[in-house]
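Okay, here's what each chain looks like letter by letter:
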Amino acid sequence: MMPSPMNAISEGGIHIAASTVTAADAAHAQFQEYARQLGVQEYVAENRIAAGTTLALTPTDTLRERALQDGGTIGLADALGLDTRDETDLDREILLSMLACPVPFVFPDHEELLSAVRIRRRIVQGARRTALAFDTEAAERPAGYWTYDTERGFTVLPGQSLITALQLATQPEEGRLYAFSCYRATEYVTVLGIAQELEQVNPELYGRLQRQWETRAVMSGRFHEVFLREYGSLDAPLPPGYYVPGDRLWFRNPDSHSSNIEGYEGSWVFYLGSGLFNNFWKRDQPYTLTAKCVEIYHWRHGAHDNAEGKLAMDESVVEARSAVTLADPDETARVLERMLRIRDPQGVYEEGGCIDATRECARWVRPGTSDIVLPDFPA
(Lines give C-alpha, C1' and ligand atoms only; values in the text may rest on other atoms or scores of the structure.)
Protein backbone atom coordinates (compact mmCIF):
# COMPACT_ATOMS: atom_id res chain seq x y z
CA MET A 1 0.00 0.00 0.00
CA MET A 2 1.42 3.40 -0.99
CA PRO A 3 1.68 6.13 1.65
CA SER A 4 -0.81 8.95 1.62
CA PRO A 5 0.23 12.28 0.11
CA MET A 6 0.60 15.62 1.86
CA ASN A 7 -1.32 16.54 4.99
CA ALA A 8 -1.59 12.88 6.04
CA ILE A 9 1.06 13.31 8.77
CA SER A 10 0.97 16.18 11.21
CA GLU A 11 4.69 16.97 11.22
CA GLY A 12 6.18 18.94 8.36
CA GLY A 13 9.34 18.66 6.30
CA ILE A 14 10.10 15.76 3.94
CA HIS A 15 8.81 12.29 4.80
CA ILE A 16 10.00 9.17 3.01
CA ALA A 17 7.27 6.76 4.03
CA ALA A 18 8.64 3.30 3.25
CA SER A 19 6.66 0.08 3.51
CA THR A 20 9.09 -1.62 5.92
CA VAL A 21 11.85 -0.72 8.37
CA THR A 22 14.35 -2.31 5.97
CA ALA A 23 13.17 -0.06 3.16
CA ALA A 24 13.39 2.92 5.49
CA ASP A 25 16.98 1.97 6.31
CA ALA A 26 17.78 1.94 2.59
CA ALA A 27 16.12 5.34 2.10
CA HIS A 28 18.15 6.68 5.02
CA ALA A 29 21.42 5.55 3.44
CA GLN A 30 20.42 6.90 0.03
CA PHE A 31 19.41 10.27 1.44
CA GLN A 32 22.58 10.62 3.48
CA GLU A 33 24.64 10.12 0.32
CA TYR A 34 22.46 12.63 -1.57
CA ALA A 35 22.82 15.22 1.22
CA ARG A 36 26.58 14.63 1.22
CA GLN A 37 26.75 15.22 -2.55
CA LEU A 38 24.85 18.50 -2.14
CA GLY A 39 26.88 19.46 0.93
CA VAL A 40 23.81 20.17 3.09
CA GLN A 41 24.25 17.65 5.91
CA GLU A 42 24.48 20.36 8.60
CA TYR A 43 21.03 21.64 7.67
CA VAL A 44 19.11 18.35 7.82
CA ALA A 45 17.74 16.70 10.98
CA GLU A 46 16.68 13.06 10.58
CA ASN A 47 14.12 11.19 12.69
CA ARG A 48 12.13 7.96 12.43
CA ILE A 49 8.36 7.98 12.92
CA ALA A 50 5.51 5.55 12.21
CA ALA A 51 7.19 2.65 14.04
CA GLY A 52 10.45 3.31 12.23
CA THR A 53 9.15 2.97 8.67
CA THR A 54 9.09 6.69 7.86
CA LEU A 55 12.18 8.84 7.58
CA ALA A 56 11.26 12.40 8.66
CA LEU A 57 13.63 15.13 7.46
CA THR A 58 13.36 18.60 9.00
CA PRO A 59 15.53 21.74 9.28
CA THR A 60 18.25 21.88 11.92
CA ASP A 61 18.49 24.87 14.26
CA THR A 62 21.44 26.02 12.14
CA LEU A 63 19.23 26.32 9.04
CA ARG A 64 16.40 27.97 10.96
CA GLU A 65 18.70 30.58 12.47
CA ARG A 66 20.64 31.31 9.28
CA ALA A 67 18.01 31.22 6.56
CA LEU A 68 14.40 30.93 7.75
CA GLN A 69 12.52 33.99 8.97
CA ASP A 70 8.96 33.64 10.33
CA GLY A 71 8.65 30.28 8.59
CA GLY A 72 9.54 31.82 5.22
CA THR A 73 12.11 30.75 2.65
CA ILE A 74 12.15 33.87 0.46
CA GLY A 75 15.61 34.86 1.76
CA LEU A 76 17.11 31.38 1.98
CA ALA A 77 19.34 31.52 -1.10
CA ASP A 78 20.73 34.91 -0.17
CA ALA A 79 21.35 33.88 3.45
CA LEU A 80 23.29 30.77 2.38
CA GLY A 81 25.09 32.40 -0.55
CA LEU A 82 23.41 30.23 -3.19
CA ASP A 83 23.49 31.19 -6.86
CA THR A 84 20.44 29.40 -8.22
CA ARG A 85 21.48 29.93 -11.83
CA ASP A 86 23.75 26.99 -10.97
CA GLU A 87 21.84 23.68 -11.06
CA THR A 88 23.41 22.31 -7.88
CA ASP A 89 22.68 25.46 -5.90
CA LEU A 90 19.12 25.41 -7.27
CA ASP A 91 18.73 21.81 -6.08
CA ARG A 92 20.06 22.87 -2.68
CA GLU A 93 17.47 25.63 -2.38
CA ILE A 94 14.69 23.27 -3.48
CA LEU A 95 15.61 20.59 -0.94
CA LEU A 96 16.20 22.96 1.98
CA SER A 97 12.98 24.88 1.28
CA MET A 98 11.04 21.62 1.29
CA LEU A 99 12.51 20.80 4.70
CA ALA A 100 10.93 23.98 6.08
CA CYS A 101 7.39 23.17 4.91
CA PRO A 102 4.87 23.17 7.81
CA VAL A 103 3.00 20.25 6.19
CA PRO A 104 4.90 17.19 4.97
CA PHE A 105 6.06 16.48 1.46
CA VAL A 106 5.46 12.72 1.50
CA PHE A 107 7.27 10.32 -0.86
CA PRO A 108 7.10 6.51 -1.05
CA ASP A 109 10.87 6.19 -1.60
CA HIS A 110 14.05 8.13 -2.18
CA GLU A 111 13.71 7.93 -5.98
CA GLU A 112 10.43 9.88 -5.95
CA LEU A 113 12.12 12.59 -3.88
CA LEU A 114 14.90 12.86 -6.45
CA SER A 115 12.35 13.13 -9.27
CA ALA A 116 10.43 15.81 -7.37
CA VAL A 117 13.59 17.91 -6.99
CA ARG A 118 14.46 17.47 -10.67
CA ILE A 119 10.93 18.33 -11.86
CA ARG A 120 11.04 21.50 -9.80
CA ARG A 121 14.44 22.35 -11.28
CA ARG A 122 13.15 21.76 -14.81
CA ILE A 123 10.08 23.91 -14.14
CA VAL A 124 12.26 26.77 -12.88
CA GLN A 125 14.51 26.50 -15.93
CA GLY A 126 11.51 26.36 -18.28
CA ALA A 127 9.79 29.30 -16.56
CA ARG A 128 12.95 31.41 -16.83
CA ARG A 129 13.06 30.81 -20.59
CA THR A 130 9.33 31.29 -21.22
CA ALA A 131 8.32 34.44 -23.11
CA LEU A 132 4.74 34.97 -24.27
CA ALA A 133 2.29 37.47 -25.70
CA PHE A 134 -0.47 38.20 -23.19
CA ASP A 135 -3.94 37.57 -24.59
CA THR A 136 -6.97 36.20 -22.79
CA GLU A 137 -9.02 35.79 -25.97
CA ALA A 138 -6.66 34.76 -28.79
CA ALA A 139 -4.35 31.74 -28.69
CA GLU A 140 -1.65 30.54 -31.08
CA ARG A 141 0.81 27.66 -31.30
CA PRO A 142 3.70 26.90 -33.69
CA ALA A 143 2.50 25.55 -37.03
CA GLY A 144 3.81 22.13 -37.90
CA TYR A 145 3.60 20.96 -34.28
CA TRP A 146 0.12 21.89 -33.08
CA THR A 147 -3.45 21.80 -34.32
CA TYR A 148 -6.62 23.16 -32.73
CA ASP A 149 -10.11 21.79 -32.26
CA THR A 150 -12.85 23.34 -30.13
CA GLU A 151 -13.57 20.02 -28.44
CA ARG A 152 -9.99 18.81 -27.95
CA GLY A 153 -8.09 22.09 -27.52
CA PHE A 154 -4.55 22.44 -28.87
CA THR A 155 -3.14 18.98 -29.59
CA VAL A 156 0.27 17.86 -30.83
CA LEU A 157 0.41 16.60 -34.40
CA PRO A 158 1.15 12.85 -34.64
CA GLY A 159 4.84 12.16 -34.99
CA GLN A 160 5.91 15.41 -33.30
CA SER A 161 7.57 15.34 -29.90
CA LEU A 162 5.42 16.71 -27.06
CA ILE A 163 8.54 18.07 -25.37
CA THR A 164 9.70 19.88 -28.50
CA ALA A 165 6.20 21.22 -29.18
CA LEU A 166 5.95 22.66 -25.66
CA GLN A 167 9.40 24.21 -25.88
CA LEU A 168 8.67 25.84 -29.24
CA ALA A 169 5.38 27.27 -27.96
CA THR A 170 6.80 28.76 -24.76
CA GLN A 171 10.52 29.37 -25.31
CA PRO A 172 11.02 31.32 -28.55
CA GLU A 173 14.66 32.07 -29.26
CA GLU A 174 13.79 35.19 -31.24
CA GLY A 175 10.96 36.78 -33.17
CA ARG A 176 7.34 35.78 -32.74
CA LEU A 177 5.76 35.32 -29.32
CA TYR A 178 2.70 33.07 -29.02
CA ALA A 179 -0.46 34.27 -27.28
CA PHE A 180 -1.29 32.72 -23.90
CA SER A 181 -3.09 33.47 -20.69
CA CYS A 182 -0.82 33.17 -17.64
CA TYR A 183 -2.90 30.23 -16.38
CA ARG A 184 -2.48 28.21 -19.57
CA ALA A 185 1.21 29.11 -19.67
CA THR A 186 1.73 27.58 -16.22
CA GLU A 187 0.13 24.36 -17.47
CA TYR A 188 2.54 24.15 -20.40
CA VAL A 189 5.62 24.83 -18.26
CA THR A 190 4.45 22.30 -15.67
CA VAL A 191 3.71 19.49 -18.11
CA LEU A 192 7.02 20.18 -19.89
CA GLY A 193 8.93 19.68 -16.63
CA ILE A 194 7.00 16.48 -15.90
CA ALA A 195 7.44 15.18 -19.46
CA GLN A 196 11.20 15.74 -19.37
CA GLU A 197 11.47 13.72 -16.18
CA LEU A 198 9.17 10.96 -17.44
CA GLU A 199 11.23 10.58 -20.60
CA GLN A 200 14.21 9.71 -18.37
CA VAL A 201 12.66 7.65 -15.56
CA ASN A 202 9.28 6.35 -16.79
CA PRO A 203 9.24 6.09 -20.61
CA GLU A 204 6.03 4.02 -20.58
CA LEU A 205 4.09 6.80 -18.87
CA TYR A 206 5.80 9.37 -21.09
CA GLY A 207 4.48 7.48 -24.13
CA ARG A 208 0.95 7.65 -22.73
CA LEU A 209 1.40 11.35 -22.01
CA GLN A 210 2.49 11.89 -25.62
CA ARG A 211 -0.59 10.04 -26.89
CA GLN A 212 -2.81 12.02 -24.51
CA TRP A 213 -1.66 15.32 -26.02
CA GLU A 214 -2.09 13.95 -29.53
CA THR A 215 -5.68 13.08 -28.60
CA ARG A 216 -6.98 15.76 -26.24
CA ALA A 217 -5.38 18.47 -24.11
CA VAL A 218 -5.76 18.25 -20.33
CA MET A 219 -6.68 21.73 -19.13
CA SER A 220 -7.92 23.86 -16.24
CA GLY A 221 -9.49 21.99 -13.31
CA ARG A 222 -8.81 18.61 -14.89
CA PHE A 223 -5.14 19.55 -15.32
CA HIS A 224 -4.91 20.35 -11.62
CA GLU A 225 -6.47 17.02 -10.68
CA VAL A 226 -4.29 14.93 -12.98
CA PHE A 227 -0.86 16.48 -12.51
CA LEU A 228 -0.70 18.52 -9.31
CA ARG A 229 -0.89 18.43 -5.54
CA GLU A 230 -2.02 21.46 -3.61
CA TYR A 231 -0.54 22.02 -0.17
CA GLY A 232 -1.64 24.44 2.53
CA SER A 233 -5.25 25.60 3.03
CA LEU A 234 -7.28 28.68 3.96
CA ASP A 235 -7.77 27.12 7.41
CA ALA A 236 -4.02 26.49 7.80
CA PRO A 237 -2.32 28.85 5.32
CA LEU A 238 1.34 28.64 4.41
CA PRO A 239 3.43 31.59 5.65
CA PRO A 240 3.32 34.52 3.18
CA GLY A 241 7.09 34.20 2.66
CA TYR A 242 7.15 30.42 2.19
CA TYR A 243 7.94 29.21 -1.35
CA VAL A 244 9.83 26.32 -2.90
CA PRO A 245 11.47 26.82 -6.31
CA GLY A 246 9.15 25.26 -8.89
CA ASP A 247 5.96 26.01 -6.94
CA ARG A 248 3.01 27.08 -9.07
CA LEU A 249 1.08 29.78 -7.23
CA TRP A 250 -1.54 32.46 -7.59
CA PHE A 251 -1.39 36.08 -6.50
CA ARG A 252 -4.96 37.28 -6.10
CA ASN A 253 -6.13 40.75 -7.11
CA PRO A 254 -7.92 41.90 -3.92
CA ASP A 255 -9.62 44.83 -5.66
CA SER A 256 -13.23 43.97 -6.53
CA HIS A 257 -13.48 46.48 -9.42
CA SER A 258 -10.31 45.80 -11.44
CA SER A 259 -10.60 42.05 -10.85
CA ASN A 260 -13.59 42.13 -13.24
CA ILE A 261 -11.16 42.66 -16.13
CA GLU A 262 -10.47 39.34 -17.82
CA GLY A 263 -6.91 38.28 -17.08
CA TYR A 264 -6.61 40.54 -14.04
CA GLU A 265 -8.44 38.39 -11.49
CA GLY A 266 -4.97 37.50 -10.27
CA SER A 267 -1.60 36.32 -11.56
CA TRP A 268 -0.36 32.74 -11.99
CA VAL A 269 3.42 32.41 -11.71
CA PHE A 270 6.24 30.12 -10.61
CA TYR A 271 8.70 30.72 -7.81
CA LEU A 272 12.19 30.68 -9.34
CA GLY A 273 14.21 30.72 -6.12
CA SER A 274 16.53 33.49 -4.92
CA GLY A 275 13.49 35.58 -3.97
CA LEU A 276 12.23 35.86 -7.57
CA PHE A 277 9.03 35.02 -9.47
CA ASN A 278 8.91 34.58 -13.23
CA ASN A 279 7.56 37.20 -15.63
CA PHE A 280 5.96 35.57 -18.68
CA TRP A 281 5.74 38.88 -20.54
CA LYS A 282 9.26 40.17 -19.81
CA ARG A 283 11.33 37.08 -19.04
CA ASP A 284 14.49 39.10 -18.36
CA GLN A 285 12.67 41.08 -15.63
CA PRO A 286 11.52 38.60 -12.96
CA TYR A 287 9.57 39.96 -10.01
CA THR A 288 10.57 40.24 -6.38
CA LEU A 289 7.74 39.59 -3.93
CA THR A 290 7.59 43.33 -3.25
CA ALA A 291 7.43 44.29 -6.92
CA LYS A 292 4.72 41.72 -7.65
CA CYS A 293 2.57 42.88 -4.76
CA VAL A 294 2.96 46.54 -5.71
CA GLU A 295 2.07 45.88 -9.35
CA ILE A 296 -1.11 44.00 -8.44
CA TYR A 297 -2.06 46.71 -5.94
CA HIS A 298 -1.93 49.34 -8.70
CA TRP A 299 -4.17 47.37 -11.04
CA ARG A 300 -7.00 49.28 -9.33
CA HIS A 301 -5.53 52.50 -10.71
CA GLY A 302 -5.07 51.14 -14.23
CA ALA A 303 -8.70 50.05 -14.59
CA HIS A 304 -10.70 52.23 -16.99
CA ASP A 305 -13.48 52.10 -19.58
CA ASN A 306 -12.00 51.86 -23.08
CA ALA A 307 -13.38 53.40 -26.28
CA GLU A 308 -15.89 50.56 -26.61
CA GLY A 309 -17.13 51.13 -23.08
CA LYS A 310 -15.52 47.91 -21.84
CA LEU A 311 -13.58 47.74 -18.58
CA ALA A 312 -9.89 47.43 -19.50
CA MET A 313 -6.41 47.81 -18.02
CA ASP A 314 -3.94 50.61 -18.80
CA GLU A 315 -0.59 48.99 -18.12
CA SER A 316 1.24 52.31 -18.53
CA VAL A 317 -0.63 53.72 -15.54
CA VAL A 318 0.21 50.61 -13.50
CA GLU A 319 3.88 50.83 -14.42
CA ALA A 320 4.13 54.52 -13.58
CA ARG A 321 2.28 54.17 -10.28
CA SER A 322 4.39 51.17 -9.31
CA ALA A 323 7.63 53.05 -9.98
CA VAL A 324 6.51 55.92 -7.72
CA THR A 325 5.52 53.54 -4.91
CA LEU A 326 8.73 51.52 -5.09
CA ALA A 327 10.79 54.72 -4.89
CA ASP A 328 9.10 55.63 -1.58
CA PRO A 329 9.94 53.23 1.30
CA ASP A 330 7.04 54.43 3.46
CA GLU A 331 4.49 54.04 0.67
CA THR A 332 5.92 50.63 -0.25
CA ALA A 333 5.56 49.53 3.37
CA ARG A 334 1.95 50.76 3.42
CA VAL A 335 1.07 48.82 0.28
CA LEU A 336 2.83 45.67 1.49
CA GLU A 337 1.03 45.79 4.84
CA ARG A 338 -2.18 45.22 2.91
CA MET A 339 -0.99 43.00 0.09
CA LEU A 340 1.04 40.51 2.14
CA ARG A 341 -2.08 39.34 3.96
CA ILE A 342 -3.59 35.96 3.10
CA ARG A 343 -6.29 36.41 0.46
CA ASP A 344 -10.00 36.46 1.25
CA PRO A 345 -12.10 33.40 0.27
CA GLN A 346 -13.40 33.17 -3.28
CA GLY A 347 -16.01 35.87 -3.97
CA VAL A 348 -15.06 37.93 -0.91
CA TYR A 349 -13.29 41.32 -1.18
CA GLU A 350 -12.78 42.68 2.32
CA GLU A 351 -9.49 42.88 4.25
CA GLY A 352 -7.48 40.13 2.55
CA GLY A 353 -4.34 40.66 0.50
CA CYS A 354 -2.93 39.00 -2.60
CA ILE A 355 -1.15 36.02 -0.99
CA ASP A 356 -2.72 32.61 -1.55
CA ALA A 357 -2.87 30.13 1.30
CA THR A 358 -1.66 27.27 -0.92
CA ARG A 359 1.02 26.27 -3.43
CA GLU A 360 1.01 23.54 -6.10
CA CYS A 361 3.59 20.95 -7.12
CA ALA A 362 3.81 17.86 -9.33
CA ARG A 363 2.49 14.42 -8.44
CA TRP A 364 4.66 11.28 -8.21
CA VAL A 365 6.06 10.03 -11.51
CA ARG A 366 8.12 6.86 -10.97
CA PRO A 367 7.15 3.37 -12.25
CA GLY A 368 5.18 1.56 -9.56
CA THR A 369 4.52 4.67 -7.48
CA SER A 370 3.27 7.32 -9.94
CA ASP A 371 -0.21 8.65 -9.12
CA ILE A 372 -0.74 10.49 -12.42
CA VAL A 373 -3.85 9.05 -14.09
CA LEU A 374 -4.34 10.32 -17.64
CA PRO A 375 -8.02 10.68 -18.61
CA ASP A 376 -7.73 9.03 -22.06
CA PHE A 377 -4.70 6.79 -21.45
CA PRO A 378 -4.81 5.41 -17.89
CA ALA A 379 -2.43 2.64 -16.94
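Just so you know, these numbers come straight off a predicted model, no measurement behind them.

Rules used throughout
- Residues numbered from 1 in each chain as written.
- Predicted model: local features only at pLDDT ≥ 70, side-chain atom pairs only at ≥ 80, totals over all residues.
- Heavy atoms only, no water.
- Salt bridge = Lys/Arg side-chain N within 4 Å of Asp/Glu carboxyl O.
- Buried < 20%, exposed > 50% of the residue type's maximum accessible area, 1.4 Å probe, protein only.
- Helix = DSSP H or I, 4+ residues; strand = E, 2+ residues; numbered from the N terminus.
- Pairing = 2+ DSSP bridges.
- Axes fitted to C-alpha atoms, helices over the stretch in contact; angles between N-to-C directions.
- Contact = heavy atoms within 4.5 Å.
- 1 Å grid on protein atoms, 1.4 Å probe; cavity = no way out; pocket = protein on both sides within 12 Å on 5 of 7 lines; lining within 4 Å.
- Points joined across faces, edges and corners; volume = space filled by probe spheres on them.
- Core = buried A, V, L, I, M, F, W, Y, C linked by side-chain atoms within 4.5 Å.
- Domains from an automatic or database assignment.
- Buried area = accessible area lost by both parts, 1.4 Å probe.
- Phe/Tyr/Trp six-rings, centres within 6.5 Å; stacked < 30°, edge-to-face > 60°.
- Parallel < 35°, antiparallel > 145°, perpendicular 65-115°, else oblique.
- Nonpolar A, V, L, I, M, F, W, Y, C, P; charged D, E, K, R; others polar.
- Expected span 1.5 Å × (residues − 1).
- Disulfide = S-S within 2.5 Å.

### Points about the pattern of salt bridges
For step 1, the next point in the chain: This structure, assessed with the given rule, holds 21 salt bridges.
For step 2, the next point in the chain: Between Arg85 and Asp83 there is a salt bridge, with its nearest N and O atoms 3.0 Å apart.
For step 3, the next point in the chain: What makes Asp83 partly exposed here is its relative accessible area of 34%.
For step 4, the next point in the chain: For Arg229, the salt bridge is made with Asp371, and the minimal N-O distance between the two is 2.7 Å.

### Digging into the environment of Thr88
For step 1, the next point in the chain: Along the polypeptide, Thr88 turns up in helix H4 (residues 87-99).
For step 2, the next point in the chain: Judged by relative accessible area, which is 33%, Thr88 ranks as partly exposed.

### Quick notes on the sheet that holds strand S4 (residues 104-107)
For step 1, the next point in the chain: Overall, mixed pairing links the four strands, which are arranged S2-S3-S1-S4 in an open sheet. Since the sheet does not close on itself, it has two edges, and those belong to strand S2 (44-49) and S4, each with one partner. The mean inter-strand angle of the sheet, taken between neighbouring strand axes irrespective of direction, is 20°.
For step 2, the next point in the chain: Pairing geometry for S2 and strand S3 (residues 54-59), over six bridges, is antiparallel. Across the sheet, the residue bridging to Glu46 is Leu57, located in S3.
For step 3, the next point in the chain: Contacting strand S1 (13-17), S2 and S3, helix H1 (residues 21-38) crosses the sheet at an angle of about 175° to S2.
For step 4, the next point in the chain: Packing against the sheet, H4 makes contact with S1, S2, S3 and S4, and its axis sits at approximately 90° to S1.

### Description of empty space enclosed by the protein
For step 1, the next point in the chain: Per the counting criterion, the structure on display carries one cavity of 30 Å³ or more.
For step 2, the next point in the chain: One number sums up the size of the largest cavity: a volume of about 140 Å³.
For step 3, the next point in the chain: Taken together, 16 residues form the lining of the largest cavity, with Phe107, Ala116, Arg120, Cys361 and Ala362 sitting closest to its centre.
For step 4, the next point in the chain: Counting only elements with at least two residues in the lining of the largest cavity, the list comes to S4, helix H5 (110-129) and strand S16 (359-362).
For step 5, the next point in the chain: Counting residues per element, the lining of the largest cavity draws most heavily on H5, which supplies five residues.

### Regarding the nonpolar core
For step 1, the next point in the chain: Of all hydrophobic cores here, the largest spans 83 residues; its most connected members are Trp213 and Phe227.
For step 2, the next point in the chain: The element that contributes the greatest number of residues to this core is helix H7 (residues 182-201), accounting for 10 residues.
For step 3, the next point in the chain: The contact partners of Phe227, leaving out residues within four places of it in the chain, are Val191, Ile194, Leu209, Trp213, Val218, Cys361, Ala362, Arg363, Ile372 and Leu374.
For step 4, the next point in the chain: Phe251, Trp299, Leu311 and Met339 belong to the second largest nonpolar core, which has 24 residues in total.

### Side note on the domain arrangement of the protein chain
For step 1, the next point in the chain: Looking at the protein chain, the domain boundaries give domain 1 (13-100), domain 2 (131-229) and domain 3 (247-357).
For step 2, the next point in the chain: The gap between the C-alpha centroids of domain 2 and domain 3 is 26 Å.
For step 3, the next point in the chain: With 20 residues of domain 2 at the contact, the number on the domain 3 side is 12 residues.
For step 4, the next point in the chain: Of the roughly 1,400 Å² buried where domain 2 meets domain 3, counting both sides, 65% is carbon and sulfur surface.
For step 5, the next point in the chain: Looking only at domain 2, the three residues that lose the most surface to domain 3 are Phe134, Cys182 and Thr186, adding up to 36% of its buried area.

### Details of the packing of aromatic side chains
Between two aromatic rings, the relevant description is the distance of the centres plus the angle of the planes.
For step 1, the next point in the chain: Throughout the structure, instances matching the rule amount to 16 aromatic pairs.
For step 2, the next point in the chain: Ring centres 6.1 Å apart and planes at 45° place the aromatic pair Trp213 and Phe227 in the tilted group. Taken together, the positions of Trp213 in helix H8 (residues 203-215) and Phe227 in helix H9 (residues 220-227) put the pair 14 residues apart, joining distant regions of the chain.
For step 3, the next point in the chain: Residue Trp213 is classed as buried on the basis of its relative accessible area, which comes to 3%.
For step 4, the next point in the chain: For the ring pair Phe251 and Phe277, a centre distance of 5.3 Å and an interplane angle of 80° mean the geometry is edge-to-face.

### As for the packing of helix H10 (residues 289-297) against helix H13 (residues 329-339)
For step 1, the next point in the chain: The interhelical angle for the contact between H10 and H13, taken along N-to-C directions, is 85°, at an axis separation of 10 Å. Put simply, H10 runs roughly perpendicular to H13. Residues Thr290, Cys293, Val294, Ile296 and Tyr297 of H10 form the contact with H13, whose own contacting residues are Thr332, Arg334, Val335, Leu336 and Met339.
For step 2, the next point in the chain: For the contact of H10 with H13, the residue count by class is seven nonpolar, two polar and one charged.

### Comments concerning H5
For step 1, the next point in the chain: Between its first and last C-alpha atoms H5 spans 29 Å; for 20 residues at 1.5 Å apiece the expected length is 28 Å, and the two agree.
For step 2, the next point in the chain: In terms of burial, H5 is largely enclosed, as 16 of its 20 residues are buried.

### Some remarks on the state of the cysteines
For step 1, the next point in the chain: Counted according to the given criterion, the structure contains zero disulfides.
For step 2, the next point in the chain: Cys101 takes part in no disulfide bond, and the closest cysteine sulfur to it belongs to Cys361, at a distance of 8.5 Å.
For step 3, the next point in the chain: By relative accessible area, which is 3% here, Cys101 ends up buried.
For step 4, the next point in the chain: There is no disulfide at Cys293, and the cysteine sulfur nearest it, in Cys354, is 3.7 Å away.
For step 5, the next point in the chain: For Cys293, a relative accessible area of 0% gives the class buried.

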